Every structure is written in C-alpha cells, then in structure tokens.
Amino acid sequence: MTAQASRNTGLGMGPAKRAAVSTAAVALVLGVWQLSGSLHWIDPLLLPPPSEIFQTTGDILADGYRQVSLWQHILVSVLRATVAFVAAIAAGIPLGLAMGLSQPVSAVLEPFVQFLRPLPKIALIPLTVVWFGIGEGSKFFLIFISCFLSVVVSAAAAAVGVNKNRLRAAQTLGANRYQLFTRVVLPNALPEIFTGVRLSIGIGWTSLIAAEMVAANSGLGWMVINAGTYLRTDVVMLGILLLGIIGYLFDLALVLLQRAFVPWAGRDS
C-alpha cells in the first residue's frame, strides 16, 4: 500500500500525530503506575511509584550511590558498552561478509558461531574471570562476544541475500570482483547489516548486567544488582529506566546513521 493510499484509508499517521499518541500512551501508563502506588494497589516495595523513583533520582544525583555519582555510573557503563560495540562491529561485519561470500569460510566458521551464539553469556563468567581476571578485560569480553556473534550472523545473511540477478548483470557488464563487492554486494547488504547491528547492540546492551557482575564497583548494571540485594527497589527501577533510555538512544543513533549513510534502505530499485 502506498503512502497516499494509507492516508486515503486513514491508516497513515503523520509524525506529529504519532508523537502525540506515543506521549499520551506513556502518560497513561505513568498515571496508572502512580495511582497503583498512591492508592496502595501494589506494595511500593514491589513496585515503587514514579514519584518515589523521581525522589530517589534527586537523592542519588546529590549524594551518589555507594560513594559513586550517578553520572559516573552512567559514564562507566556507556564507555564499557561503546568500546565493546565498536570492536564487535569492526570485527564482525568483515568476518560475516566473508562467511556469506565464501562457502569454505562459512563451512569452517559457522559451526563455532552457531554453537556460541545461543549460549547464555552468563555461563561464560567463570571462564572469563580465569582468562581475563576481574578487571575491565572480562567485562569487555562478555559484552563484545554477545554483540560480535550476532553481527557476524547478520552480516553473513545479508551477503547471502544479495540479489543474484544484480550480480549476474554486473558481471555481464564486465565488473571485476572488487567492483562486484563495492558496487553491488555492499550497497545491497548494508540495510540488512544495519538492522542486524541494531539487534546485536540490543543483545550486547542486555549483557551489561552480566558483565558488571564480575567484581565491579560502579556502572548501572552493578547498581541494579547491588540495590537488589538490599531490597532498594526504587534504585533498581531507576537503574532499569536508565538502562532502557540509554539503550533506546543507542538504537536511535544507529537509525540516524542508517538514514545518513544508507538512504536507499527500504526502497526497491
């Protein structure tokens, strides 16, 4: 259905209307959440209302949590994740493309990738500590491996899914292997690669808590775990909200990068 047809049938939604509906939905959920605490529908110890979380945010902004400021907790987690994400993307995309374009490479690597990818990364913590110690190396590795394997799989699938008719047409016109890769394979694979990277970073970001279980003393994941042991559900909820917001911002940054560098995504030609 075209955009014009969507507008004519009432199925389309402009940016302003979409933003208004999203804002109203969030406000409704927050309102019901606040009422559930104010009217004691739910024990605040189990689910503290937004007003209590807001007050906790102010307290932690002023005094920090466990002698560490909230901004430092945020910065530590974001830096850990960003370094691991960049390394995973830089290593995973070339390897995935190689697997997608070369059957021998795929035959060698795919069994290992497919074995490790669904493995719960928390199970790797004991080995990670033995291999990398309890410093930043172990935390980097857990986030990196969670993101890297998914990037490899998505890049390989993107390369395999390139339209074969386009490849044959380019070969007929005399394109060499380098031209085939740069002018046919890569432009066609990039939209799917970006989608795979977005999913991979989501997976990597969720592994942050597992990574910060390894002898950490700062970071949002550590803050959530530590607060949970003391039944500070208000701090736990604050950490969860911050993790969700930052994860959303990571995804939004990738969407903006995709629009800038792959403007043809979603357009058939």
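In this numbering scheme, every chain counts its residues from 1 along its sequence in written order. The predicted origin of the model limits local features to residues at a pLDDT of at least 70 and limits the giving and counting of side-chain atom pairs to 80 or more, whereas totals for whole chains, interfaces and linings rest on all residues. Remark: hydrogens and water are excluded; side-chain values derive from all non-hydrogen atoms of the structure.

Trainee: Could you give an account of the overall build of the protein chain, naming the residues involved and the relevant values?
Mentor: Helix and strand counts for the protein chain come out as 12 helices and 0 strands. Helices (α) and strands (β) of the protein chain occur, in sequence order from the N terminus, as α-α-α-α-α-α-α-α-α-α-α-α. Here the C-alpha coordinates of the protein chain stretch approximately 70 × 60 × 25 Å along the principal axes. To sort residues, take the accessible area from a 1.4 Å probe on protein chains only and compare it with the maximum for the residue type: under 20% means buried, over 50% means exposed, and anything in between is partly exposed. Residues counted as buried form 37% of the 269 residues belonging to the protein chain. Considering only residue pairs separated by 6 or more positions, the protein chain has 72% of its internal contacts joining residues 24 or more positions apart. Residue exposure ignores everything except the shown protein chains as possible cover, and the areas themselves are Shrake-Rupley values with a 1.4 Å probe. With the model as given, the accessible surface of the protein chain reaches about 15,600 Å², and the carbon-plus-sulfur share is 68%. Each helix is a run of DSSP H or I of at least 4 residues and each strand a run of E of at least 2, with the numbering of both proceeding from the N terminus. In what follows, a contact means two residues having at least one pair of non-hydrogen atoms within 4.5 Å.

Trainee: Describe the pattern of salt bridges, with residues and values.
Mentor: Once their charged atoms are close, side chains differing in charge can pair, the charge on each being opposite to the other. By salt bridge we mean one thing: a side-chain nitrogen of Lys or Arg within 4 Å of a carboxyl oxygen of Asp or Glu. If you walk through the whole model with that rule in mind, you get 4 salt bridges. One salt bridge in this structure joins E136 and R80, with 2.9 Å as the shortest N-O distance. Placement of E136 in helix α7 (residues 136-160) and of R80 in helix α4 (residues 70-101) is noted, with a sequence separation of 56 residues between them. Residue classification places R80 among the buried residues on the basis of a relative accessible area of 10%. The partner of D251 in a salt bridge is R198, with the nearest N and O atoms 2.8 Å apart. Taken as a pair, D251 in helix α12 (residues 233-261) and R198 in helix α9 (residues 177-206) lie far apart in primary sequence, 53 residues in all. Using a relative accessible area of 23% as the deciding quantity, one classes D251 as partly exposed. Ionic contacts of the salt-bridge type, sharing partners, join the residues R80, E136 and E212 into one network.

Trainee: Describe the packing of α4 against helix α11 (residues 220-229), listing the residues and the values that go with them.
Mentor: What counts as an axis is a line fitted to C-alpha atoms, over the stretch in contact for a helix, and the angles between N-to-C directions run from 0 to 180 degrees. Put simply, α4 and α11 touch, their axes get as near as 7 Å, and they point 120° apart. With respect to each other, α4 and α11 are oriented oblique. From α4, L70, H73, I74 and S77 reach across to α11, where they touch L220, G221, W222 and M223. Looking at side-chain class alone, the contact of α4 with α11 contains 5 nonpolar, 3 polar and no charged residues. Oblique is the label for any angle not covered by the other classes, which are roughly parallel (under 35 degrees), roughly antiparallel (over 145) and roughly perpendicular (65 to 115). Put simply, Ala, Val, Leu, Ile, Met, Phe, Trp, Tyr, Cys and Pro go in the nonpolar bin, Asp, Glu, Lys and Arg in the charged bin, and everything else, Gly too, in the polar bin.

Trainee: Any details on the nonpolar core? Residues and values, ideally.
Mentor: With 58 residues, the main nonpolar core has F85 and W205 as its most contacted residues. Among the secondary structure elements, those contributing two or more residues to this core are α3 (50-63), α4, α7, α8 (164-172), α9, α10 (208-211), α11 and α12. No other element matches the 14 residues that α7 contributes to this core. Among residues more than four places away in sequence, those in contact with W205 are S77, A81, F85, L243, I246, G247 and F250. Here, nonpolar core means buried Ala, Val, Leu, Ile, Met, Phe, Trp, Tyr and Cys residues that are tied together by side-chain atoms lying within 4.5 Å of each other.

Trainee: Tell me what's going on with the packing of aromatic side chains, and back it up with residues and numbers.
Mentor: Stacked, tilted and edge-to-face are the three classes assigned to paired rings of Phe, Tyr and Trp, where Trp is represented by its six-membered ring and a pair needs centres within 6.5 Å; plane angles under 30 degrees give stacked, over 60 edge-to-face, the rest tilted. For the structure on display, the rule yields 8 aromatic pairs. Each ring, one from F85 and one from F250, has its centre 5.4 Å from the other, and the planes form 80°; the classification is edge-to-face. Taken together, the residues F85 in helix α4 and F250 in helix α12 connect sequence positions 165 residues apart. The rings of F85, W205 and F250 are connected pair by pair, giving a single aromatic cluster. Taking the ring centre of Y230 as reference, the NZ or CZ of R66 above it sits at 4.4 Å. For a ring to carry a charge above it, either NZ of a lysine or CZ of an arginine must fall within 6 Å of the ring centroid while also lying within 35 degrees of the normal to the ring plane.

Trainee: Describe unusual backbone geometry, with residues and values.
Mentor: The residue R66 is not glycine, and still its phi comes out positive at about 55°. Note on placement: R66 falls in the loop between α3 and α4.

Trainee: Please set out the side chain of S218 residue by residue, giving values where relevant.
Mentor: Within the secondary structure, S218 is located in the loop between α10 and α11. Those residues in contact with S218 that sit more than four places away from it in its chain are V68, H73, V76, R80 and E212.

Trainee: I'd love a proper account of the packing of α4 against helix α5 (residues 103-116), names of residues and values included.
Mentor: Two elements in contact, α4 and α5, have axes whose closest approach is 6 Å; the angle formed by their N-to-C orientations is 120°. Between α4 and α5, the interaxial angle falls into the category oblique. The crossing of α4 and α5 is left-handed. Of the residues in α5, those touching α4 at L95, A98, M99 and L101 are Q103, V105, S106, L109, E110 and V113. Crossings are sorted by hand: turned counterclockwise from the far helix by less than a right angle, the near helix makes the crossing left-handed, and turned clockwise it makes it right-handed.

Trainee: Describe the environment of I246, with residues and values.
Mentor: Of note, I246 is situated in helix α12. Classification of I246 as buried rests on a relative accessible area of 11%. When the C-alpha atoms of I246 and V78 are compared, they prove to be 8.1 Å apart, with 168 residues separating the residues in sequence. Those residues within four positions of I246 in sequence are excluded, and the remaining contacts are I74, V78, W205 and L220.

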